[in-house]
Amino acid sequence: MELGKGLEHKSEQEQLRELERGSACRKGGSGGPCGSAQLLTGGDNQRSASDWGYDEDLVEDDDKVGLYSYKVQSTITSRLANTMIQAKMVNNARRPQPIMFDVQVPKGAFIDNFTMDINGITFTSHIREKSEARKMYAQAKAKGKAAGIVRSNALDMENFQTEVNVPPGMRIQFQLHYHEMIRRKLSSYEHVISVKPGRLAKHLEVDVRIIEPQGLRYVHVPNSLGDHFNGITTISKGEKKAHVSFKPTMDQQRKCPKCSSTAVDGNFVVQYDVNRETTGGELEIFNGYFIHFFAPENLDPLPKNILFVIDVSGSMWGLKMKQTIEAMKAILSELRAADQFSLIDFNHNVRCWRDNLVSATPAQVEDAKKYIQTIHPNGGTNINEALLRATFILNEAKSLGMLDPNSVSMIVLVSDGDPTVGELKLTTIQKNVKQSIKDEFSLFCLGIGFDVDYDFLQRIATDNRGMAHRIFGNQETSLQMKNFYNQVSTPLLKKIQFNYPQESVSDVTQSSFHNYFGGSEIVVAGKVDTENLQHLESIVTATAANAELVMETLRDVEELDGFMKKDKYADPDFTRKLWAYLTVNQMMAERNAAPTAALKRNITKSILQMSLDHHIVTPFTAMLIENAEKDEIMLADQPKDPRKGCCPGTLGLTPNAPNNNKGIPAWANVTAVPVSFMPEHRSPPVSSLSINRVDNDPHFIIHLPKSQRNICFNINSEPGKILNLVSDPGTGVVVNGQLVGAKKAENKKLNTYFGKIGFYFQKKGLKVEISTEKITLKDGSYAITLSWADTGHIIRKQLLISVKKESNVTITVGEEMSFMVLLHRVWKKHPVNVDFLGIYIPPENQFSPAAHGLIGQFVSEPEVSIHHQTPGQAPEKPQAIMEVKGNKFTVTRGVQKDYRTDRVLGTDVLCWFVHNSGKGFIDGHYRDYLVPHLYSFMKKP
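Residues numbered from 1 in each chain as written. Predicted model: local features only at pLDDT ≥ 70, side-chain atom pairs only at ≥ 80, totals over all residues. Heavy atoms only, no water.

Undergrad: Let's hear about the overall build of the chain: which residues, and what values?
TA: The helix and strand inventory of the chain stands at 13 helices and 52 strands. Here the chain holds 941 residues, and 56% of them are scored as buried. Contacts in the chain between residues at least 24 apart in sequence constitute 67% of all its contacts with a sequence separation of at least 6. Summing over all exposed atoms, the chain offers an accessible surface of approximately 40,300 Å²; the carbon and sulfur share of this is 48%. (Helix = DSSP H or I, 4+ residues; strand = E, 2+ residues; numbered from the N terminus. Buried < 20%, exposed > 50% of the residue type's maximum accessible area, 1.4 Å probe, protein only. Contact = heavy atoms within 4.5 Å. Areas by Shrake-Rupley, 256 points an atom, 1.4 Å probe, with all protein chains shown as cover.)

Undergrad: Summarise the pairing of strand 42 (residues 774-779); cite the residues concerned and give the values.
TA: Each regular strand shows side chains that alternate between the opposite faces of the sheet. As judged from the five bridges shared by strand 41 (residues 766-771) and strand 42, these two strands associate in the antiparallel manner. Bridge assignment links Leu-766 to a residue of strand 42, and that residue is Asp-779. Remark: two residues form the turn of the hairpin made by strand 41 and strand 42, two consecutive strands paired antiparallel. (Pairing = 2+ DSSP bridges.)

Undergrad: Requested: an account of the nonpolar core, with residues and values cited.
TA: Formed by 63 residues in total, the largest nonpolar core has its most connected members in Phe-759, Ile-770, Ile-811, Phe-819, Met-882 and Phe-921. The biggest single contributor to this core is strand 40 (residues 752-761), with five residues. Non-local contacts of Met-882, meaning those with residues more than four positions away in its chain, are made with Ile-711, Val-864, Ser-865, Ile-866, Asn-887, Lys-888, Phe-889, Val-891, Val-914 and Phe-921. In this structure, Val-164, Ile-172, Ala-263 and Tyr-272 belong to the second largest nonpolar core, which totals 58 residues. (Core = buried A, V, L, I, M, F, W, Y, C linked by side-chain atoms within 4.5 Å.)

Undergrad: Give me helix 12 (residues 597-613): which residues, what numbers.
TA: Taking 1.5 Å as the rise per residue, helix 12 with 17 residues should run 24 Å; its terminal C-alpha atoms sit 24 Å apart, in good agreement. The elements touched by buried residues of helix 12 are strand 5 (121-129), helix 11 (574-593) and strand 33 (621-627). The positive-phi residue at the C-terminal boundary of helix 12 is His-615, with phi of around 55°. (Expected span 1.5 Å × (residues − 1).)

Undergrad: How would you summarise the confidence of the model for the chain if you had to cite specific residues and measurements?
TA: The predicted structure's coordinates, where accompanied by low pLDDT, should not be read in detail. Averaged over every residue, the pLDDT of the chain is 83; residues scoring 70 or more account for 84%. Confidence scores differ between elements of the chain, with helix 1 (residues 12-26) showing the lowest mean pLDDT of 36 and strand 15 (residues 241-246) the highest of 98. Contacts of residues 1-50 to residues separated by more than four positions or lying in other chains number 123 contacts, the stretch itself having pLDDT below 50. In this model residues 640-664 is a low-confidence stretch, pLDDT under 50, and it forms 47 contacts with partners more than four residues away in sequence or in other chains. (pLDDT = per-residue confidence, 0-100.)

Undergrad: So what's going on with the packing of aromatic side chains? Residues and values would help.
TA: Tallied over the entire structure, the rule returns 26 aromatic pairs. One aromatic cluster is present, formed by Phe-101, Phe-114, Phe-160 and Phe-174 through successive ring pairs. Above the ring of Phe-563, the side-chain terminus of Lys-240 is found at 5.5 Å from the ring centroid. (Phe/Tyr/Trp six-rings, centres within 6.5 Å; stacked < 30°, edge-to-face > 60°. Lys NZ or Arg CZ within 6 Å of the ring centre and 35° of its normal.)

Undergrad: Give a description of the pattern of salt bridges that names residues and reports values.
TA: On inspection of all chains with the given rule, the structure shows 32 salt bridges. Between Asp-273 and Arg-184 there is a salt bridge; the shortest N-O distance is 3.1 Å. Of this pair, Asp-273 sits in strand 16 (residues 266-274) while Arg-184 is found in strand 10 (residues 184-185), placing the two residues 89 residues apart along the sequence. The residues Asp-273 and Arg-184 share a single accessibility class, namely buried. A salt bridge links Arg-389 to Glu-385, with the shortest nitrogen-to-oxygen separation between them at 3.4 Å. Taken together, the residues Arg-389 and Glu-385, both in helix 6 (residues 383-399) and four residues apart, mark about one turn of the helix. In this structure, a network of salt bridges that share partners links the residues Arg-79, Arg-184, Glu-212, Arg-217, Asp-273, Arg-276, Glu-297 and Glu-521. (Salt bridge = Lys/Arg side-chain N within 4 Å of Asp/Glu carboxyl O.)

Undergrad: Could you give me a rundown of the environment of Gly-838, with the residues and numbers involved?
TA: Here Gly-838 lies in strand 48 (residues 836-841). Along the chain, Gly-838 and Lys-756 lie 82 residues apart, while their C-alpha atoms are 9.6 Å from each other. Excluding anything up to four places from it in sequence, Gly-838 contacts Val-694, Asp-695, Met-820, Val-821, Leu-822 and His-824.

Undergrad: Talk me through the state of the cysteines; I want residue IDs and the actual numbers.
TA: All chains considered together, the criterion is met by two disulfides. Between the sulfur atoms of Cys-256 and its disulfide partner Cys-259 the distance amounts to 1.7 Å. Across the S-S bond linking Cys-256 and Cys-259, the dihedral sits near 95°, which makes this disulfide right-handed. The class for Cys-256 is partly exposed, based on a relative accessible area of 30%. (Disulfide = S-S within 2.5 Å.)

Undergrad: Tell me about the side chain of Asp-416, and name the residues and values.
TA: Inspection of the secondary structure puts Asp-416 in the loop between strand 24 (408-415) and helix 7 (426-437). Of the residues examined, Asp-416 reaches a relative accessible area of 1% and is grouped as buried. Of note is the side chain of Asp-416, whose polar atom sits 3.0 Å from the side chain of Ser-315. Those residues in contact with Asp-416 that lie beyond four places of it in its chain are Asp-311, Ser-313, Ser-315, Met-316, Lys-320, Ile-448, Asp-451 and Val-452. (Polar contact = N/O pair within 3.5 Å; in protein donor to acceptor, adjacent residues only side chain to side chain.)

Undergrad: Please give an account of the sheet that holds strand 13 (residues 216-220) that cites residues and values.
TA: Pairing within the open sheet is antiparallel, and its four strands lie in the order 10-11-16-13. The open sheet has two edge strands with one neighbour each: strand 10 and strand 13. Direction of pairing for strand 10 relative to strand 11 (residues 188-195): antiparallel, over a ladder of two bridges. Residue pairing in the sheet places Arg-184 in a bridge with Tyr-189 of strand 11.

Undergrad: Break down the sheet that holds strand 28 (residues 505-506) for me, with residues and values.
TA: In space, the four strands of this open sheet follow the order 17-18-30-28, with antiparallel pairing throughout. At either end of the open sheet lies a strand with only one pairing partner, and these are strand 17 (282-286) and strand 28. Sheet contacts for helix 11: strand 17, strand 18 (289-294) and strand 30 (522-528); angle to strand 18, the most-contacted strand, approximately 70°. (Axes fitted to C-alpha atoms, helices over the stretch in contact; angles between N-to-C directions.)

Undergrad: An account of the pairing of strand 48 is requested, with residue identities and associated values reported.
TA: Counting buried residues along strand 48, six of its six residues qualify, which places the element largely inside the surrounding structure. Side-chain alternation along strand 48 places Phe-836, Gly-838 and Tyr-840 on one buried face and Leu-837, Ile-839 and Ile-841 on a second face that is also buried. Taken together, the three bridges between strand 35 (residues 692-695) and strand 48 define a ladder with antiparallel strand orientation. If you follow Val-694 over to strand 48, its bridge partner there is Ile-839. Two elements, strand 47 (residues 817-824) and strand 48, share five bridges in a ladder whose sense is antiparallel. Each residue of the ladder has a partner; that of His-824, found in strand 48, is Phe-836.

Undergrad: Tell me about the packing of helix 6 against helix 7, and name the residues and values.
TA: Put simply, helix 6 and helix 7 touch, their axes get as near as 9 Å, and they point 5° apart. If you check the angle between helix 6 and helix 7, you find them roughly parallel. Contacts between helix 6 and helix 7 involve Asn-384, Leu-387, Leu-388, Thr-391 and Asn-395 from the former and Ile-429, Asn-432, Val-433, Ser-436 and Ile-437 from the latter. Class assignment for the residues of the contact of helix 6 with helix 7 results in five nonpolar, five polar and no charged. (Parallel < 35°, antiparallel > 145°, perpendicular 65-115°, else oblique. Nonpolar A, V, L, I, M, F, W, Y, C, P; charged D, E, K, R; others polar.)

Undergrad: Got a sec to walk through the environment of Ala-140? Specific residues and values, please.
TA: Take Ala-140: it is sitting in helix 2 (residues 130-142). Considering only alpha carbons, one finds Ala-140 and Ile-633, 493 residues apart in sequence, at a separation of 6.5 Å.

Undergrad: So what's going on with the packing of helix 4 (residues 319-333) against helix 9 (residues 477-488)? Which residues, and what values?
TA: At their nearest, the axes of helix 4 and helix 9 sit 8 Å apart, and the two run at 35° to each other. Remark: the crossing between helix 4 and helix 9 carries right-handed chirality. For the pair helix 4 and helix 9, the contacting residues are Gln-323, Thr-324, Glu-326, Ala-327, Ala-330 and Ile-331 in the first and Thr-477, Ser-478, Met-481, Lys-482 and Tyr-485 in the second. (Left-handed = near helix turned anticlockwise from the far one by under 90°.)

Undergrad: Account for helix 8 (residues 454-462), with residues named and values stated.
TA: Three or more residues of helix 8 are buried, namely Tyr-454, Phe-456, Leu-457, Ile-460 and Ala-461. Projected onto a plane normal to the axis of helix 8, the buried residues spread over an arc of 155° and lie on a single side. Check the buried side of helix 8 and you find it contacts helix 6, strand 24, helix 7, strand 25 (442-448) and strand 26 (468-471). Two or three places before Asp-455, at the opening of helix 8, Asp-453 has a side-chain oxygen 3.3 Å from that residue's backbone nitrogen. (Arc of directions from axis to C-beta.)

Undergrad: Which residues make up the side chain of Ser-520, and what values do they have?
TA: When you line up the elements, Ser-520 lands in the loop between strand 29 (512-517) and strand 30. At 2.6 Å, the side chain of Ser-520 and the backbone oxygen of Phe-517 are in polar contact. Residues in contact with Ser-520, not counting those within four places in the same chain, are Arg-184 and Ala-295.

Undergrad: Please provide a residue-by-residue account of unusual backbone geometry, values included.
TA: Look at Ser-78: it is not a glycine, yet its phi comes out positive at around 50°. By the secondary structure assignment, Ser-78 is in the loop between strand 1 (65-77) and strand 2 (80-91). Phi angles above zero are rare outside glycine, and Asn-119 is one such case at about 55°. Checked against the element boundaries, Asn-119 lands in the loop between strand 4 (110-118) and strand 5.

Next comes the structure, spelled out in structure tokens:
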């Protein structure tokens, strides 16, 4: 068995040892305890595989595991879908081996039961308070009688996975039950079932039954599993019931006629809608509960005031941005003449297409499209300032009387990452936005990909009368964005209030709503006293485009009884389950928004009690699966968001952590390697030291890869002078550094440092200027700036600039070359020292043979001979004779610093020091390397 999220965990090696130990137990060993899978062997409970007909017509993979049947049965009763997934498998190998049950459950669904039958031994499930369940699990685990069920997140589904080590010849049956409320979107209910058996099944069936007392308008099954299965699905539709069946034969399941692998791998989708006869909605009353479905049609849309807030930081580069632009152009085309809108795009800065709302005239829409087309993603992510700017525009428009009183105002945020600039604390951003919106309008959030903190987007959206939606970053991003927008593009009503007789109903779920959008549905549920009531009346009030509406509905409390009792497939508990589903989700939202810890604790207790009463797994409960003797236990917990990983010790399920240094070369993130003095004149291992660098005042360290030596020299020049470091006409790359002086001289010497470094990439037409204050990328008249207080990226023409806050900047040009600039901050009131920069250039950079400059000239490594080493004036500084380029001079053994891993103390680097500003080691005199401008090529000496 395999361990999962929220459990006491074992490492992969421990699990392998346990499986091996279990095999030994099954081979007759009498010593040592065996785990739960090992206790399922032998005895009177054992049956042959042929009991289920396993030996006939089963197709086995190399592992000799046969899938006898894979069944999905789903019954939808008035939007409540109860789904059961069952798999019957057998191990036909001659050795014990793990068999996995791995299914996907829609996010938001409540798992309410799981059973296993292993050769006649049945495991059943119970819901417990999480800490109690974990305690019971830990006690069983200590005795070697426990295993786990994995629950993890994947796209819009949640994985439910368990693995059992099954002895040879034995059979196993898994059965999972869950339920969910199917919500109406874009005028349709869509029931999605993941069907991924993983192998050919002798019997495969998906069976869906729909029972809708309102009457079925249509039923449709799109070809979501692919053209391979055309014509296999059957649909039988009556007035209020429908039956959908998908039963491919084993041959129809095959990917090809002779293939042993299955083509059944995807989602089976059923779409439908119901009839609506009354504007006031449909009241369904049964077993002491009522459900009110409200989805009026044929209403004129309300005008909307909409601000699109679009993330254009560096991480949106490429397909994401292209798809976002495509979607936004289509969305802008769908704005109505009565709508007002504007656009905000943000990275570390915030820009407004218009500083105020404008009418959606054809001319304004076309101008907005042109603006979007010019966006180039780069820089960091300042979500806080972008949202506050949007709320300011809406609040100002309202205060100036520019908004139609019947209009609906909203903000649509599109982002793919966490804030990296400005306010970074998510709770503070949430508080700021809430205070600024003041319940006046709605915030809708689109999170692209998995780098975004989707939990945060959900909290901030629900906190401000909106909702969040995750967009998966792929070729369909544009379509997903347009579909989401279509859900909120047509507001039909505002200020909707549901009213029921207080003396007859109780525990009513949310009954007041800010907006109703066309194509959706509002659902309200509660308990009703059917013993003392013959009819239930509801009154719904709302604001429409041209009027204030009051809609009444009256229903007999026994109207559904006859219908429900006649249908054997209808769920008699559907009203109770729907009420519990809505109530728990509402309490979860209230808990997230609770202003005090005491209120949050009280809500948590209520959620826990509801979870136990209704036998559902929530974040505060766990499911225990036990055998009849209750001496073997499995545990299933609520999964966490994949960004946050899991609890300590999870086995191989936490997704790969995002690479925050993506695009930054490995050499720029070295681990410090301590260096000690060595008698020989070879440099230390090159793993962390094989790099050319200029740091401090300014100290040059040139690494010679062939001879594995480090050669050092200083340049003593004047403040304001510009030194050429690399001048390569072959690749069109220039690197220059401008000197800045200390505040005053010491010992009659004024130290100089690099205060500004310029990079010119001639073939791309790009210039990068890095000072101790800011980082600027220039492309002709276009310029973008980041400060050292930012963490972010700028991407332009395949050049990546990565800024690490108050630390360093890395410039990467494809795979050809990279550079790091290190920032050194000093105490502002220091009497002498100033802030300065260091630069690090790996010798692997692909410069041309024509490269020159104080560093560039060593692309072609000169022959260096160091000999006649003698003691120096200080014992730790021996001297020697260096011969290079036909020159012979004295050098001194010394230590310089590499500040990449320790920007305060640095890491010692042993080198041979060349005196007199590198004279004899560099070509010509250092004055030959002075250039007039920060982006000038040098004239070769």
